[in-house]
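Remarks on the overall topology
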Amino acid sequence: MADTATTASAAAAASAASTSTDAPPFQLGKPRFQQTSFYGRFRHFLDIIDPRTLFVTERRLREAVQLLEDYKHGTLRPGVTNEQLWSAQKIKQAILHPDTNEKIFMPFRMSGYIPFGTPIVVGLLLPNQTLASTVFWQWLNQSHNACVNYANRNATKPSPASKFIQGYLGAVISAVSIAVGLNVLVQKANKFTPATRLLVQRFVPFPAVASANICNVVLMRYGELEEGIDVLDGDGNLVGSSKIAARHALLETALTRVVLPMPILVLPPIVMSMLEKTALLQARPRLLLPVQSLVCLAAFGLALPLAISLFPQMSEGSCLTSQKPVGFATISLDLLELTHLPKATKAVNRSNRYNTN
């Protein structure tokens, strides 16, 4: 009866909200844009990484939370538009953890990932790095990712801290060892000219970070390959678990983790190698770092929503569990669970909510 009353209240609130020619009808806890198309997912993630939510005041946050509560209980004041409701939901999801309802520390929010992550990317791509600087920037990058993972963890069904530590250490060790190893190999390559050696060294961070990302997801989610992940029917009801779905999810997640750092760590070295030859930067070498920072920021801001929009959160298919057939069902692959996203967009398979680097 309580569920029916809540549904009726929400329906009444929806009808009370004024229609807007620009905004679709509001749905509490649902994405604003269609998730079945790449463009819809891209628009959705542009909203999620919007850095403007970092500057939302405490008063505005309270107003947004209250507006959503009024909608939920069917007590919306007259004149509230769909646009206002979508905006309120965007603010709440960007700032508050959906399980604990506590504010996520600003540098570890999805909306803060680009502003706070760009300086690390710039550091990773600095030319003529020493052994110490290579180790430092790789460690800092993986540490930042680990903090984001933990801040956005599933608090309703928490994983043991040992799993986060295991993933963190595996990512740090693999990133540092590959970066240092490749730098040593490049330095010992006698056939390279100094200019070629410098150019090749600029691409070292990509394989190091990509391999660390894969290492992290394997260490964090290897248990799902044995246990499987939840399988839902077309109505969202749990019907079993599937190891096939787990393997499929792991493969697509690993692919996303390789694609994500590619434009961030590959495009800036290419662009900078061309810009450094211009008369402006040759005459004013002090502009190199600011220009590189802008290039990295642009690459980061474009690559992040593109990469995490590659795959939908839900994938349909036929699968078998280890005990019984599940038939044609909707398999929750939790790809959005793997990208630091606010939990309100990932409520389907909460037992598998882990984040990515």
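Right above here is the structure, for reference.
Residues numbered from 1 in each chain as written. Predicted model: local features only at pLDDT ≥ 70, side-chain atom pairs only at ≥ 80, totals over all residues. Heavy atoms only, no water.

Concerning the packing of helix H11 (residues 261–275) against helix H13 (residues 288–308)
- Where H11 contacts H13, the two axes come as close as 9 Å, and the packing angle between them is 145°. Considering the relative orientation of H11 and H13, their crossing is right-handed. Here Pro-263, Ile-264, Pro-268, Val-271, Met-272 and Leu-275 of H11 lie close against H13, whose contacting residues are Leu-288, Val-291, Gln-292, Val-295, Cys-296, Ala-299, Phe-300 and Ala-303.
- Taken together, the residues that form the contact of H11 with H13 break down as 13 nonpolar, 1 polar and no charged. (Axes fitted to C-alpha atoms, helices over the stretch in contact; angles between N-to-C directions. Helix = DSSP H or I, 4+ residues; strand = E, 2+ residues; numbered from the N terminus. Left-handed = near helix turned anticlockwise from the far one by under 90°. Contact = heavy atoms within 4.5 Å. Nonpolar A, V, L, I, M, F, W, Y, C, P; charged D, E, K, R; others polar.)

Section: the pattern of salt bridges
- For the coordinates displayed, the defined rule picks out 7 salt bridges.
- In this structure, Arg-32 engages Glu-83 in a salt bridge whose closest nitrogen and oxygen atoms are separated by 2.8 Å. With Arg-32 in the loop between helix H1 (2–16) and helix H2 (38–48) and Glu-83 in helix H4 (residues 82–95), this pair connects stretches of sequence that are 51 residues apart.
- With a closest N to O distance of 3.1 Å, Lys-103 and Glu-58 form a salt bridge. (Salt bridge = Lys/Arg side-chain N within 4 Å of Asp/Glu carboxyl O.)

Quick look at the packing of aromatic side chains
- Applying the stated criterion across every chain yields a total of 8 aromatic pairs.
- Arranged with centres 6.2 Å apart and planes meeting at 15°, the rings of Phe-38 and Phe-42 form a pair that is stacked. Taken together, the positions of Phe-38 and Phe-42, both in helix H2 and 4 residues apart, correspond to about one turn of that helix.
- A relative accessible area of 17% means that Phe-42 is categorised as buried.
- Ring geometry for Phe-105 and Phe-108: centres 5.4 Å apart, planes at 70°, overall edge-to-face.
- Members of the aromatic cluster, joined through ring pairs, are Phe-26, Tyr-71 and Trp-86. (Phe/Tyr/Trp six-rings, centres within 6.5 Å; stacked < 30°, edge-to-face > 60°. Buried < 20%, exposed > 50% of the residue type's maximum accessible area, 1.4 Å probe, protein only.)

Some words on H13
- Across its 21 residues, H13 extends 30 Å between first and last C-alpha, which sits within 8% of the 30 Å expected from 1.5 Å per residue.
- Within the span of H13, buried status applies to Gln-292, Val-295, Cys-296, Ala-299, Phe-300, Ala-303, Leu-304, Pro-305, Ala-307 and Ile-308. (Expected span 1.5 Å × (residues − 1).)

Here we look at the side chain of Asn-152
- Mapped onto the secondary structure, Asn-152 falls in the loop between helix H6 (131–151) and helix H7 (161–188).
- Polar side-chain contacts of Asn-152 include one of 3.1 Å to the backbone oxygen of Phe-108. (Polar contact = N/O pair within 3.5 Å; in protein donor to acceptor, adjacent residues only side chain to side chain.)

Some words on unusual backbone geometry
- Not every positive phi belongs to a glycine, and Asn-101 is a case in point at roughly 60°.
- On the secondary structure map, Asn-101 appears in the loop between H4 and helix H5 (113–124).
- With phi around 55°, Asn-128 is a residue other than glycine that occupies positive phi space.

Observations regarding the nonpolar core
- Counting 28 residues, the largest nonpolar core has Met-110, Val-121, Ile-264, Leu-265, Phe-300 and Leu-304 as its most contacted members.
- Elements represented by at least two residues in this core include exactly H2, H5, H6, helix H9 (205–227), H11 and H13.
- Setting aside chain neighbours within four positions, we find Leu-265 in contact with Val-121, Leu-124, Leu-125, Arg-202, Pro-205, Phe-206 and Val-209.
- The next biggest cluster of nonpolar side chains, apart from the first, holds 16 residues, and it includes Ala-23, Leu-61, Leu-68 and Ala-94. (Core = buried A, V, L, I, M, F, W, Y, C linked by side-chain atoms within 4.5 Å.)

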